[in-house]
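# Commentary on secondary and tertiary structure
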Amino acid sequence: MAEAKVYRASTTAPVNIAVVKYWGKRDAKLNLPTNSSLSVTLSQADLRTLTTASCSSSYSATEDSLILNGSPSDITGARTQACFRALRSRRSALEAADASLPKLSAMPLRIVSENNFPTAAGLASSAAGFAALVRAVANLYELPDSPAELSLIARQGSGSACRSLFGGYVAWRMGDKEDGSDSLADLVAEASHWPEMRALILVASAAKKGVSSTSGMQQTVATSGLFKQRITEVVPKNMELMEKAVQAKDFASFAEVTMRDSNSFHATCADTYPPIFYMNDVSRAAVRAVEKINEAAGQTIAAYTFDAGPNCVVYYLEKDEAAVVGTFYKVLGSEVGGWKESAAAHATDIS
Ligand code: 2P0
């Protein structure tokens, strides 16, 4: 008897680094945020997840499986299951409409995924990871869905993942529907609109972070007074200013909003009870280094931002590469050691 066919599709997904941060859920089950957010997609040459999805009736295990960076990974979590369910149901609809299609939706799925950067070190690995998973299975199932439609599924895996379905400058609109059907990613501008944007990633620690984003943000929502001001006043204003800065390619404004929003996010973490500290002494040295660079330049040519970990991302424009990257190492070298590695990345489109 002939071996049953193995169906397979591969894809990559990029990392995105938010300049207006997502922090807080209004619905943990559907993964709906308390505020909109905006990010820059980084080049896949530097940071990406590569994922292959396959399915076959010959797979002996009846269950779906995931190998992440060479090790079996748990997929029984509600979020991963929600993604698989949504993708299968879309495939089932295609199969119901066309009886000649193979019944892929009934076969077990095998997912193999690899990051080329430290997992869960505050480098948005879950964003690239879930975006790649959703796209790989969508390709395998030959779904006709647009990136925005797929972002609705990726969001259920990890909020920030919805922004990794697009390249360039991407907003996640929080939406206001209870079912989450309008909480999706939206392209603000292609990378080609402002291709001079660069990001320097400074890895202070590649260790797994202490407080996961999911539980950290739940604690913030439950206990921080400052958080209420952040979601009602600070973020709506920052979203507006940031979209204008991107449209106008106004780096000084882009940088100020980026740094203020990062500061505001970490202030709400410190205002959480008990407090959450993601930044450390090495992170704070990076903030001072950026301030020195901007002082020396007599204008704002660099912007720091920190996610749920101590690593620093510095945005700058290509023309200022020597001033920013060169000075950064000089200042950091003399002030504090501790950076494990760094890489410069381009803002990018998804091909
Ligand atoms: C962001 N972060 O906008 C913010 C900034 C961390 C700080 O999105 O619970 O892993 O999976 O929806 O997306 C990290 O949170 O959280 C994050 P879940 P996620 O990039």
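So, a few notes on the structure that sits alongside this text. Every chain begins its residue count from 1, and numbering advances along the sequence as written. Confidence filtering applies because this is a predicted model: local features only for residues at pLDDT of at least 70, side-chain atom pairs given and counted only at 80 or more, and all residues used for totals across whole chains, interfaces and linings. Remark: hydrogens and water are excluded; side-chain values derive from all non-hydrogen atoms of the structure.

## Looking at the site of the ligand
Around the ligand, a shell composed of 18 residues is seen, among which Tyr 22, Lys 25, Ser 158, Ser 160 and Thr 214 lie nearest. One of the side-chain N or O atoms of Ser 126 is found 3.1 Å from an oxygen atom in the ligand. Separating an oxygen atom of the ligand from a side-chain N or O atom of Arg 163 is a distance of 2.8 Å. Only the protein chains shown count as cover for residues, and all accessible areas are computed by the Shrake-Rupley method using a 1.4 Å probe. Here the ligand has 470 Å² of accessible area as a free molecule, and 94% of this is covered by the chains. The biggest single contributor to the shell around the ligand is helix α4 (residues 213-223), with three residues. Neighbouring residues are identified by heavy atoms, a residue being near a molecule or strand if any of them is within 4 Å of it. Within 3.5 Å is the distance limit for a polar contact, defined as a pair of N or O atoms, with the added protein rule that one can donate a hydrogen and the other accept it, and that residues adjacent in sequence qualify only through two side-chain atoms. Helix and strand assignments come from DSSP, with helices taken as H or I runs of at least 4 residues and strands as E runs of at least 2, each series counted from the N terminus.

## Points about helix α3 (residues 147-157)
For every residue, the accessible area obtained with a 1.4 Å probe (protein chains only) is divided by the maximum for its type, and the residue is called buried under 20%, exposed over 50%, and partly exposed between those limits. Counted residue by residue, α3 has eight buried out of eleven residues, so it is predominantly covered. Inspection of α3 places Leu 150, Ser 151, Leu 152, Ile 153, Ala 154, Arg 155, Gln 156 and Gly 157 among the buried residues, and these make up the whole buried set.

## Notes on the pattern of salt bridges
We define a salt bridge as a side-chain nitrogen of Lys or Arg found within 4 Å of a carboxyl oxygen belonging to Asp or Glu. If you walk through the whole model with that rule in mind, you get twelve salt bridges. Its salt-bridge partner being Arg 173, residue Glu 243 comes within 2.8 Å of it at the nearest N-O pair. Taken together, the residues span a long stretch of sequence, with Glu 243 in helix α5 (residues 226-248) and Arg 173 in strand β10 (residues 169-173) at a distance of 70 residues. For Glu 243, a relative accessible area of 22% gives the class partly exposed. Assessed through its relative accessible area of 27%, Arg 173 is described here as partly exposed.

## Points about the nonpolar core
Think of a nonpolar core as a cluster: buried Ala, Val, Leu, Ile, Met, Phe, Trp, Tyr and Cys residues, connected wherever their side-chain atoms sit within 4.5 Å. Membership of the largest hydrophobic core comes to 51 residues, with the highest contact counts inside it found for Phe 254, Val 314, Tyr 315 and Phe 328. Counting 43 residues, the second-largest nonpolar core is a separate cluster that includes Trp 23, Ala 53, Leu 133 and Val 134.

## Describing the environment of Asn 31
Positionally, Asn 31 belongs in the loop between β3 (25-27) and β4 (32-33). Beyond its immediate sequence surroundings of up to four residues, Asn 31 is in contact with Tyr 22, Lys 25, Arg 79, Arg 155, Gln 156, Gly 157, Ser 158, Gly 159 and Trp 172. A polar contact of 2.6 Å, which involves the side chain of Asn 31, links it to the side chain of Lys 25. By definition, residues are in contact when any of their heavy atoms lie within 4.5 Å.

## Considering the sheet that holds strand β11 (residues 184-189)
A strand pair is defined by DSSP finding two or more bridges across the two strands. Strand order in the open sheet made by the four strands is β2-β5-β10-β11, with antiparallel pairing throughout. Of all strands in the sheet, those with a lone pairing partner are β2 (16-20) and β11, marking the two edges. Ignoring which end each strand starts from, the neighbouring axes of this sheet average 35 degrees apart. A fitted line through C-alpha atoms serves as each axis, taken over the contacting stretch for helices, and the angle formed by two N-to-C directions is quoted from 0 to 180°. On top of the sheet, α3 reaches β10 and β11; it is set at about 130 degrees to β11, its chief contact. Sitting on the sheet, helix α6 (residues 251-270) touches β2 and β5 (37-41), and the angle it makes with β2 is about 90 degrees.

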